[in-house]
Amino acid sequence: GKYDRQRSALLPILRVIQEEYGYVSELAMQYVADLLGIHAAKVYGVATFYHFINTEPKGKFIIRLSRDISSIMKGANDIARQLETVLGIRFGETTPDGLFTLQWTSCIGMDDQAPAMMINSEVFSNLTPLLIPQIIRQCTEKFYSHRPITGMVGDSFTTTLTYASHHANAGITKAAAMEPDEVIAEISASGLCGRGGAGFPTGTKWKMAADANGDVKYMICNADEGEPGTFKDRITLSWFADLVFEGMTIAAYAIRASQGIVYLRAEYAYLLPHLEQVLKARREAGLLGCDISGKEGFNFDIRIQMGAGSYVCGEETALIESLEGNRGEPRNRPPYPTEAGFLGQPTVVNNVETLATVSVILARGAQWFSGIGTEKSKGFKLFSVSGECARPGLYELPWGSTVSGLLALAGGEGAKAVQIGGYSGRFLPAAEFGRKLAYEDLGAGSSVIIYGPDRDLLEVAENYLEFFVEESCGQCTPCRDGNVVLLNGIRSLRNGKCSGQQLDELLSLAETICVASKCGLGQSSPKVLLSINRYFRNEINAHLTAEHSARST
Ligand code: SF4
């Protein structure tokens, strides 16, 4: 009833069933298929694609322990052993009383407070083995306390967004006094580029959507940050949700969209009540709905749709597929979403940080914004810093700041290597810490993971490949099968069972996967191995069998 039998609502419907019954049975899948007039195989394909949809019974409490590299470095394996001991089961199993299921999961957006885990939709962070019995006991007694993880914890500096949030709605007021084309011109003049990684000019994207023909246009906020090590959306949505919704409304005005959707990652379900509350307040203040800001005909509203646990849905076309009720598999392009996106209509997808920044730019002016940063990277940027450092947290810096400057702020001096932009980003040795955080140098990634001097980098590479194997959508062979071969190869190497010739074959395969994969996941998954080979060949040589290869880079 709630979803009016819309086929595109398949994923929310599956979530509702799961909330009610604990899992989505085959019977339920058939029922939904009949209700929506689609084949049961289609429902099965969607239900089995997402990590947060269970197709078989699980425990009443599903414990998902993050195993990304920042969590591992902070002791996640010790937490795992303690959980297994206390519950008497292994990972992947459910206790005989049906109360607990233990699962590994990838990043849950809490790397500033690692190690962390979720129990259903509750987050528990800064875990120690000593805390585990107490948490389990509280679950068992059904009175574990809600601990909302919404704040800026640790050393988080977000000065510009904080300033803007004190001048709320200055941006939308200014935009409503302009023509839509003038708003696009203002954003173009600011030099703002997408903060999601690709760095596409935001004004250009909006212009493409504004010029496209469509019955209806959509403004989508990508709040599905799944890149290991990143948590900036969590903090931005917790503290600056108004700026994000304001940015969506400004974008909608510019492209003449009437409907907005926030695609919120499943791991952030606990933010939903807060976000709904902010939306309600904006409607009551006339900042959403009809004739926004008193401008006749400026009609726009926003709804939130939950994701269901899939890394690849951070890619905008995969996200649109998911919104339409399909498996979140990337589309071929062209056509681009600005021309034919959600339900085939012109659609702009911008991420959380980009949209918050839009509000700041409208409020303070393109000229002010473009005066910050470098020639090709205008403004400021949020960085989620985690790993082996004294002060993990969220840092806002002008583009063009150096890696070493950021490390000094976070207490990560002396690091051996740094991963910029999450697992799919750049792996940088200490010799290159003078490089700049900017589009023209290290790219747009937010996640910064710091590796201390004693870190085993092949352990890091194995962790990365486990993640990519898990998250590959399976659509293309180089990524689906190639990453499995790479993972097995790295394990052989770590076990001292890899010859130089086998390593050369692995490196050759890694290069092939980079060029032959369809989307960014496969194109970047082998880079960690290639980088370690390039910068830390001595750590590889230490594991090779006697017959070494002459190949060094
Ligand atoms: Fe799917 Fe990987 Fe191919 Fe991307 S590269 S489409 S994630 S199989």
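Residues numbered from 1 in each chain as written. Predicted model: local features only at pLDDT ≥ 70, side-chain atom pairs only at ≥ 80, totals over all residues. Heavy atoms only, no water.

### Overview of the sheet that holds strand β2 (residues 100-105)
- Read from one edge of the open sheet, four strands run β2-β1-β3-β4, paired in mixed fashion. The sheet terminates laterally at β2 and β4 (122-124), the two strands that pair on one side only. If you compare each strand with its neighbour and ignore which way they point, the axes differ by 25 degrees on average.
- Bridge count between strand β1 (residues 61-66) and β2: six bridges; the pairing is parallel. Across the sheet, residue F61 finds its bridge partner in β2, namely F100.
- Packed onto the sheet, helix α6 (residues 131-140) meets β1, β2, β3 (117-119) and β4 and runs at close to 15 degrees relative to β3. (Pairing = 2+ DSSP bridges. Helix = DSSP H or I, 4+ residues; strand = E, 2+ residues; numbered from the N terminus. Axes fitted to C-alpha atoms, helices over the stretch in contact; angles between N-to-C directions. Contact = heavy atoms within 4.5 Å.)

### Section: the site of the ligand
- V312, S472, C473, G474, Q475, C476, C479, S517, K518, C519, L521 and G522 make up every residue found near the ligand.
- Broken down by class, the residue content of the shell around the ligand amounts to six nonpolar, five polar and one charged. (Near = heavy atom within 4 Å. Nonpolar A, V, L, I, M, F, W, Y, C, P; charged D, E, K, R; others polar.)

### Let's talk about the packing of helix α11 (residues 232-239) against helix α16 (residues 352-364)
- It is the contact of α11 with α16, at a shortest axis distance of 9 Å, that shows an interaxial angle of 40 degrees. In this view, α11 runs oblique relative to α16, as classed from their interaxial angle. The handedness of the crossing between α11 and α16 comes out as left-handed. Facing α11, whose interface residues are K232, D233, T236 and L237, α16 presents V352, E353 and A356.
- Within the contact of α11 with α16, the residues separate by chemical class into three nonpolar, one polar and three charged. (Parallel < 35°, antiparallel > 145°, perpendicular 65-115°, else oblique. Left-handed = near helix turned anticlockwise from the far one by under 90°.)

### Some remarks on the pattern of salt bridges
- Applying the stated criterion across every chain, the model contains 27 salt bridges.
- For E353, the salt bridge goes to K381, with nearest N and O atoms at 2.8 Å. On the criterion of sequence distance, the pair formed by E353 in helix α16 and K381 in strand β9 (residues 380-387) is long-range, its members being 28 residues apart.
- Under the relative-accessibility criterion, K381 is labelled buried at 0%.
- In this structure, R455 engages E388 in a salt bridge whose closest nitrogen and oxygen atoms are separated by 2.8 Å. Within this pair, whereas R455 is found in the loop between β13 (447-451) and α19 (457-471), its partner E388 is found in the loop between β9 and β10 (393-398), the two being separated by 67 residues in sequence.
- The buried category is assigned to R455, whose relative accessible area is 14%.
- Sharing partners across several salt bridges, the network here consists of D456, E462, E466, R491 and R494. (Salt bridge = Lys/Arg side-chain N within 4 Å of Asp/Glu carboxyl O. Buried < 20%, exposed > 50% of the residue type's maximum accessible area, 1.4 Å probe, protein only.)

### What about the nonpolar core?
- Formed by 71 residues in total, the largest nonpolar core has its most connected members in Y50, I69, F427, Y451 and Y464.
- It is α19 that provides the largest number of residues to this core, a total of eight residues.
- Ignoring anything within four residues of it in the chain, the contact list for Y50 reads L11, Y263, A308, G309, S310, C313, S322, N326, R327 and G328. (Core = buried A, V, L, I, M, F, W, Y, C linked by side-chain atoms within 4.5 Å.)

### Here we look at α19
- Its 15 residues place the ends of α19 21 Å apart at the C-alpha level, agreeing with the 21 Å of an ideal helix rising 1.5 Å per residue.
- Most of α19 sits out of view: eleven of its 15 residues are buried.
- Inspection of α19 places L457, L458, V460, A461, E462, N463, Y464, L465, F467, F468 and E471 among the buried residues, and these make up the whole buried set.
- Capping the start of α19, D456 holds a side-chain oxygen 3.0 Å from the backbone nitrogen of L458, two or three residues further along. (Expected span 1.5 Å × (residues − 1). Polar contact = N/O pair within 3.5 Å; in protein donor to acceptor, adjacent residues only side chain to side chain.)

### Topic: the confidence of the model for the protein chain
- Residues with a pLDDT of 70 or more make up 95% of the protein chain, whose mean pLDDT is 90.
- Low pLDDT (under 50) marks residues 143-154, which in the prediction has 33 contacts with non-local residues, meaning those over four places away or in another chain.
- Segment residues 548-553: pLDDT under 50, and 13 contacts once partners within four positions in sequence are set aside and those in other chains are kept. (pLDDT = per-residue confidence, 0-100.)

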